[in-house]
Each structure stands twice: as structure tokens, then as C-alpha cells.
Amino acid sequence: MDNILVTGGAGYIGSHACKALRAAGFNPVTYDNLVTGWEDAVKFGPFERGDLLDRARLNEVFAAYRPVAVMHFAALSQVGESMQAPGKYWLNNAGGSLTLIEAAAAAGCQRFVFSSTCATYGDQDNVVLDEQSVQLPINAYGASKRAIEDMLSDFGASHGIESVIFRYFNVAGADPEGEIGEFHQPETHLIPLILDAIDGKRAALTIFGTDYDTPDGTCIRDYVHVCDLVDAHILGLNWLVDGKGSRAFNLGTGAGFSVREVMERAAMVTGKPVPCSEGPRRAGDCTKLVSGSKRAEDELGWRPKRSTLEHMVADAWRWHQSGHYAK
Ligand code: UDP
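Note that the coordinates shown come from a computational prediction; the quantities given were computed from them, not determined experimentally. (Residues numbered from 1 in each chain as written. Predicted model: local features only at pLDDT ≥ 70, side-chain atom pairs only at ≥ 80, totals over all residues. Heavy atoms only, no water.)

*Asks:* Lay out the overall build of the chain with the relevant residues and their values.
*Replies:* Each helix and strand counted, the chain has ten helices and 14 strands in total. In summary, the chain has a C-alpha radius of gyration of 19 Å against a globular reference of 20 Å for 327 residues, a match within 12%. Principal axes of the C-alpha set define a box for the chain whose edges measure 55 × 40 × 40 Å. Buried residues in the chain amount to 56% of all 327 residues. Put simply, 77% of the contacts in the chain that link residues at least 6 apart link residues at least 24 apart. When the accessible surface of the chain is summed, it comes to about 13200 Å², and 50% of that surface belongs to carbon and sulfur atoms. (Helix = DSSP H or I, 4+ residues; strand = E, 2+ residues; numbered from the N terminus. Rg over C-alpha atoms; globule rule 2.2 N^0.38 Å. Buried < 20%, exposed > 50% of the residue type's maximum accessible area, 1.4 Å probe, protein only. Contact = heavy atoms within 4.5 Å. Areas by Shrake-Rupley, 256 points an atom, 1.4 Å probe, with all protein chains shown as cover.)

If you want it as C-alpha cells, here you go:
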């Protein structure tokens, strides 16, 4: 069985990717420092604790497993925090990725599947965002991810690294079989916060900004189910194994939902109202981020199956109520 090094495999998306990799016949080796991940989410392959900035530890792990590819999820990912503490984002995301890419290149591991973000596009005033859109991030999180895309491209030219770059829109939902799900500490993402407010784990959801230039004044995002998202990663890995070369793909559905629409849908699915209050805008938030590309469908053959708001909220709600949160 081929080993795949999964950085951030103890995190939300990384753990779902490990499950999909195992089902696809790969051995996912999680490399994670457990700063934002959870050891009990590592269920589908070996665990190696380590930091992206620790080159000696990375060398050891590459030598021990000789992975045929890296799936690189490990990152700090909060837009708001990145505006307060940009240095953390540049050091962990950009600096850590540089260390990882150099270690991979030195070990002769030349395939990367990289989790980038629609935040690399920035705020483009309602234009359709496809892979050719100019990348003008407006927050340090997006800027650090764009820098990593550039690194992968440069190491492609110098060291033959081939990369599939996935620019995620908003990832939501949980494993429908209930083995893993989303748990951030602190939680900052909309759907888990809505569910917390619904079942009284927090007082109310604060809507960040009601004066955006959108039909109901709240921000619009394109939500994609985590299981559909990781399915695309398996297709991306196979794309590299088949020698098809470096390529960037958006992962979104092309449908945008406002914060208020997500709240309404969550109330419908759970049968409970969402306690909420209106607050000011959050620094770094774009008005509207909707994927306008069919490239992943046309070229990878990606077919999202569970990316309706109903499925995403229902799967997240089942996980939320299951009490399976990592301790
Ligand atoms: N949001 C909100 N209240 C919250 C958290 C998020 O109104 O407590 C909004 C946020 O401003 C954005 C959307 O929900 O418009 C999605 O935010 P999230 O943090 O989930 O993902 P992001 O788009 O920042 O990656």
C-alpha cells in the first residue's frame, strides 16, 4: 500500500481525507503538531507528531515512510485571527510550508496535493471567481496561502515538484457515518457556531455585518461538503500519479448563500430557531465568494454528492449531537 504523508491529518479536513485515502487503498500517515488537531481523529493510519517548521523531524518521517505524495492540509485558517496576528500566519503557513516542500524535495517526494483557499482571490466585487481570476487576497490568511502556491510553482521549475492546488470555498458538514467531524477550539466557523447557538452551547450567533452590498446585507459564501471535498483530493492524487502535471482547481458548487440563508436552513433542518444578534463587520471578510468554475468537474470528473445546505447542516448536526467531540 502506498504511503501518503497527510500534514494536518488530525484536523477537520485532514481526518476526512485520511478516511477517503484509506478507502481508496492508500496508507495515510498523519503528520500533525496537535496545536489545532485532535489525536483521536487519527483513525485511518499511523500518527507521527511533529511541526512543519521542524526540518529534522520531517526528514525522519520522509525517510521512515518514503511517501509517494504529500497531502498538505496543516495550516492556521482563521481569517479574523490572521488580521490580528499576521506574523503567526506567515511563519506557520508560509514558513512551515517552505520547510515541508524543501524536505519533500530533498527526499525525492515530488507530488503535492495542497489545500489552498478562495481567500487567495480577495474581494472582487461580484465577479465570477474561476481559476484564471486574479489572486488579490485581502487578509493575511489568503496571502500566506497564495505565497505557498507560488512556492510550489517555483519548486516545480527547480525541483520537478508537481502539485494539484485546490482552492476551497467554505467547507462544512461531517462524515455521514459519524466517525469524524468538525471541532475547532475556539470555533469560528459559521455552521458549527449556528449549531452551538441552537442547542444553547453559546448564547447567540453574532452576524458579522448586515450592511454588505448583497440582497439581505450579509456576506455570501459557497459551501461544499467535506466528503465531496476530500473525494476531489483522491482524484487530484490520481491525476498526479497519472503524470498529468501541475494544475489548480476551485472546489465549490457555484451556489452562494448569505449568512441569513444559512441560518434559515439550519433552523429548518434542526427544527429549532437560531438565537442571533447583529454585530459589526469582521475585518478581512469578503462580500461574496462563489466558485464560478467547472474545471474540477470537467477535468477531474469531480461530482459533488452531498453539497446541499440540507445535507451539510444535517451531517454537522448529527455529529454535533453525538457527543463525539475530542476531549
Ligand atoms: N460569520 C458570522 N458570524 C460568525 C462567524 C461567521 O456572521 O460568528 C460569517 C462570516 O462573516 C462569513 C461567513 O459567516 O461571512 C462564513 O464565515 P466562516 O468563518 O465560517 O468562513 P470564512 O468565509 O471566513 O472562511
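*Asks:* Give a description of the site of the ligand that names residues and reports values.
*Replies:* Around the ligand sit 16 residues in total, of which Leu-190, Thr-206, Arg-221, Arg-282 and Asp-285 are the nearest. In this structure, Leu-190 approaches the ligand through a main-chain N or O atom, which is 2.8 Å from an oxygen atom. Within the contact set of the ligand, a nitrogen atom lies 2.7 Å away from a backbone nitrogen or oxygen of Thr-206. In the complex, the protein chains occlude 91% of the 510 Å² of accessible area that the ligand would expose alone. Among the secondary structure elements, those contributing two or more residues to the shell around the ligand are helix H6 (190-198) and strand S8 (205-208). In terms of residues, the shell around the ligand owes the most to one element, S8, which gives four residues. (Near = heavy atom within 4 Å. Polar contact = N/O pair within 3.5 Å; in protein donor to acceptor, adjacent residues only side chain to side chain.)

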